[in-house]
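Architecture and fold: a report
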Amino acid sequence: MGELEETVLDAFRRGGLSRRAFLKFCAATASLLALPPAAATAMAETLARTPRPTVIYLSYQECTACLESMTRSFSPTIEHLIFNNISLAFNDTLQAAAGEAAEAARKEAMRQAWGKYILIVDGAVPMGAGGAYCVAAGQSAVDDLRHAAQGAAAIIAVGTCAAFGGIPYAAPNPTGAVPVSEVIRDRPVINVSGCPPIPEVMTGVVVYYLSFGMPALDHQGRPLAFYGNSIHDRCYRRPFYDEGRFAHTFDDEGARNGWCLYELGCKGPVTYNACATLKWNQGTSFPIQSGHGCLGCSEPDFWDKGGFYRPLSAATGHWPRGEVLGAAALGGVVVGAGMAALARSHQKTSAAKTAKEAGSPPPKEDPHER
Amino acid sequence: MKPIDAIPIRPAPASDVAGNAPALLHEIAAALDTLLRTGREYCIDLSALPLSPADRDLLREALGTGEVRVDLDTLGNSHIEETGVPGVWWVCHRSEDGVLLTESLAICRVPEIIPAHPADIAMGLQGLQERMASREPGGH
Ligand code: SF4
Ligand code: SF4
């Protein structure tokens, strides 16, 4: 039996795990994906005969937090199983090999699974200066991605940088960074955004794809199973929002009582992610539960939205809340808005962003060179 | 931060209301009826439902406690127990860190995860035979 014919169930067995462990894994994943429970059985049946996937994980302009998120989940978990024991054929940060040996290993893994592997990309892709800002083994990120995409059965952009450009894409975007979907335009890219994404979400998307094919995506290319609700929709502080009870500083009565963080800049109402339900660190907590507003990290351009501590603007339709605000909060709003206007006047909208909004082809040259 | 119930405002609908359990009981009854007539199994994912403590109490009370309790030790602990209604199993899967992965009610004769699977039996048999062979004098 060739390596590619080994099924997911075989890989479990090889790792010393029983079929019961496999069934448990399927039950937990189906529940995680909010699939009807019968889907766990269907998933087990499919995965028992699905060839073990080859996952090629490529990193470009990124900070490695996406990988940290995935590997820092505590002792052997479901995430570890699917990525480390089962499928990960190439990841330059995790593997022991380096330099030419690493490149050779990657070429071999891609050649063996050409047309079948799952390509995970984290990091944005710099288009400026002919792609020279990110080069490994003599190949630019953009050329590397185009090549790797050709042999991929599915492409998953992990993290906000790969999905929407993220931090490298933030103004003034000196490297002309673009998201994966601007380099690969002829096929769908599954965007698993978040800075970083929740580890269970990354696993869930891979398992869903293996069991049932392409997941349903929202208008930003994100799987609806995880990005279908806003943080605000699922926030446990929501009853305080509805009653108009807000924290106005991080140490006032409202903050101490766990009231809504809207006035402290929470972006929960416009942010779609699963933090409020899945939470972080094995379901321990999430930012709002720890007393800080949502930064909106799973949304495009979250870095350039005018300040993490500035309340969402009137445009979101929430401004009538101003009626219940104290003077201090109103003062904060005005200062915040002024700061944002100032910040904007120092920025010029990057050509890459304009291109993205207009849906035109990606800029060939550094968009900042005029 | 104070615990949420120390805040004088009720942050969520009062938890002494059992809103979903009565409907669940109907679902369970219908599933049992189907199981009896056709053998078709059913499963209700409790982790996906908003259940108040009162809902849980009502469910526990209506279903009661049965005769079978199974603890599975694979990828962390799983606790499976038959409720007082034969054919209704309460299933809790936990990770190795003890985090609840999923909780469900399985309506079936016995949950699929319990019986030994032929492939596992074959592997066990092979291992047993190897151990037997190595114990025999002369190794055959
Ligand atoms: S803390 Fe944020 S997400 Fe939660 S209710 Fe307030 S605005 Fe919405
Ligand atoms: S709460 Fe908001 S900022 Fe924090 S991780 Fe979730 S989506 Fe990102």
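Reading the values: the criteria
Residues numbered from 1 in each chain as written. Chains lettered and ligands numbered in written order. Predicted model: local features only at pLDDT ≥ 70, side-chain atom pairs only at ≥ 80, totals over all residues. Heavy atoms only, no water. Helix = DSSP H or I, 4+ residues; strand = E, 2+ residues; numbered from the N terminus. Buried < 20%, exposed > 50% of the residue type's maximum accessible area, 1.4 Å probe, protein only. Contact = heavy atoms within 4.5 Å. Areas by Shrake-Rupley, 256 points an atom, 1.4 Å probe, with all protein chains shown as cover. Domains from an automatic or database assignment. Buried area = accessible area lost by both parts, 1.4 Å probe. Salt bridge = Lys/Arg side-chain N within 4 Å of Asp/Glu carboxyl O. Nonpolar A, V, L, I, M, F, W, Y, C, P; charged D, E, K, R; others polar. Phe/Tyr/Trp six-rings, centres within 6.5 Å; stacked < 30°, edge-to-face > 60°. Near = heavy atom within 4 Å. Arc of directions from axis to C-beta. Pairing = 2+ DSSP bridges. Core = buried A, V, L, I, M, F, W, Y, C linked by side-chain atoms within 4.5 Å. Patch = residues over 30% accessible without salt bridge, like charges linked within 9 Å, V, L, I, M, F, W, Y side chains within 5 Å. Polar contact = N/O pair within 3.5 Å; in protein donor to acceptor, adjacent residues only side chain to side chain. Axes fitted to C-alpha atoms, helices over the stretch in contact; angles between N-to-C directions. Parallel < 35°, antiparallel > 145°, perpendicular 65-115°, else oblique. Left-handed = near helix turned anticlockwise from the far one by under 90°. Lys, Arg positive; Asp, Glu negative; His and termini not counted. Charge placed at Lys NZ, Arg CZ, Asp CG, Glu CD.

Broken down by element type, chain A carries 18 helices and nine strands. Considering chain A as a whole, with its 370 residues, one finds that 54% of them fall into the buried category. A separation threshold of at least 6 residues defines the contact pool for chain A, and within that pool the share at least 24 residues apart is 76%. Of the roughly 15600 Å² that chain A leaves accessible, carbon and sulfur atoms contribute 56%.

Once that is clear, we can look at the domain arrangement of chain A. All names here are of chain A. Per the domain assignment, the segments making up chain A are domain 1 (2–213) and domain 2 (238–342). With 21 residues of domain 1 at the interface, the matching set in domain 2 holds 16 residues. When domain 1 packs against domain 2, the two sides together hide about 1400 Å² of surface, and 70% of this comes from carbon and sulfur. If you look at where domain 1 meets domain 2, you find zero salt bridges. Counting residues per element, the ones that place at least two in the side of domain 1 that touches domain 2 are helix H8 (159–164), helix H9 (166–169) and helix H11 (199–212). Residues of the side of domain 1 that touches domain 2, tallied by class, amount to 13 nonpolar, six polar and two charged.

Moving on, we get to the packing of aromatic side chains. Residues and elements named next belong to chain A. The final tally for this structure, using the stated rule, is 11 aromatic pairs over all chains. Aromatic pair Tyr241 and Phe246: ring centres 6.0 Å apart, planes at 90 degrees, arrangement edge-to-face. Judged on exposure class, the residue Tyr241 and its partner Phe246 are both buried. An angle of 70 degrees between the planes, with centres 5.7 Å apart, marks the rings of Tyr241 and Tyr262 as edge-to-face.

Below, the discussion takes up the environment of A:Lys24. Checked against the element boundaries, A:Lys24 lands in helix H2 (residues 19–32). Residue A:Lys24 is classed as buried on the basis of its relative accessible area of 0%. With 18 residues separating them along the chain, A:Lys24 and A:Glu6 place their C-alpha atoms 20 Å apart. Sequence-distant contacts of A:Lys24, that is, excluding residues within four places in its chain, are made with B:Thr74, B:Leu75, B:Gly76, B:Asn77, B:Ser78, B:His93, B:Arg94, B:Leu101 and B:Ile113.

The next subject is the site of ligand 1. The environment of ligand 1 is formed by A:His232, A:Cys235, A:Arg237, A:Arg238, A:Tyr241, A:Cys260, A:Leu261, A:Tyr262, A:Cys266, A:Gly268, A:Pro269 and A:Ile288. Across the shell around ligand 1, the residue classes break down as eight nonpolar, two polar and two charged.

To continue, consider helix H7 (residues 141–150) of chain A. All of the buried residues in H7(A) are A:Ala141, A:Val142, A:Asp144, A:Leu145, A:Ala148 and A:Ala149. Taken around the axis of H7(A), the buried residues stretch over an arc of 160 degrees, which confines them to a single face.

This part takes up the pairing of strand E2 (residues 65–73) of chain B. Relative to strand E3 (residues 77–83) of chain B, E2(B) runs antiparallel, the two sharing six bridges. Looking across to E3(B), one finds that B:Val70 is bridged to B:Ile80.

The next subject is the nonpolar core. Residue and element names in this part refer to chain A. Core analysis: the biggest nonpolar cluster contains 63 residues, and Leu47, Ile156, Val192 and Val201 have the highest contact counts within it. When residues in this core are grouped by element, the largest group, eight residues, is from H11. Here this core gathers at least three residues from each of two domains, domain 1 (2–213) and domain 2 (238–342). The next biggest cluster of nonpolar side chains, apart from the first, holds 26 residues, and it includes Ala109, Val121, Ala148 and Ala162.

Residue and element names in this part refer to chain A. For strand E7 (residues 152–158), a buried count of six out of seven residues is recorded, marking the element as mostly surrounded by other parts of the structure. Sheet analysis places strand E3 (residues 117–122) next to E7, joined by six bridges and oriented parallel. Paired with Val121 across the strands is Ala157, a residue of E7. Both E7 and strand E9 (residues 190–192) contribute to a ladder of three bridges, which runs parallel.

Right, let's get into a nonpolar patch on the surface. Where nonpolar side chains cluster on the molecular surface, the patch consists of B:Leu125, B:Leu128 and B:Met132 and spans about 270 Å² of accessible area. Residue position: B:Met132 is located in helix H3 (residues 118–135).

A few words on the environment of B:Glu103. All names here are of chain B. Tracing the sequence through the fold places Glu103 in strand E5 (residues 100–107). Sequence separation of Glu103 and Ser78 is 25 residues, and the distance between their C-alpha atoms is 9.7 Å. In this structure the side chain of Glu103 is engaged in a polar contact, spanning 2.9 Å, whose partner is the side chain of Trp90.

What follows covers the packing of H2(A) against helix H3 (residues 38–49) of chain A. All names here are of chain A. At a minimum axis distance of 9 Å, the contact between H2 and H3 shows a crossing angle of 130 degrees. Comparing their axes, H3 and H2 come out oblique. Along this stretch, H2 crosses H3, giving a crossing that reads as right-handed. Where H2 abuts H3, its residues Phe22, Leu23, Phe25, Cys26, Ala27, Thr29 and Ala30 lie against Ala40, Met43, Ala44, Leu47 and Ala48.

As a further point, take the interface of chain A and chain B. Contact with chain A, which involves 33 residues of that partner, is made by 33 residues of chain B. Between chain A and chain B, roughly 2600 Å² of surface is buried when both sides are summed, and carbon and sulfur atoms account for 61% of that area. Our count for the contact surface shared by chain A and chain B stands at one salt bridge. Linking chain A with chain B are 12 residue pairs in polar contact (both at pLDDT 80 or more), by the criterion used here. Broken down by secondary-structure element, the contributors of at least two residues to the side of chain A that touches chain B are H2, helix H5 (78–87), helix H14 (238–243) and helix H15 (253–257) of chain A. For the side of chain A that touches chain B, the element with the most residues is H2(A), which contributes nine residues. Class assignment of the residues belonging to the side of chain A that touches chain B gives a composition of 16 nonpolar, nine polar and eight charged.

This paragraph deals with a negative patch on the surface. Taken together, the side chains of B:Asp71, B:Asp73, B:Glu96 and B:Asp97 define an acidic patch exposed on the protein surface. Take B:Glu96: it is sitting in the loop between strand E4 (88–94) and E5.

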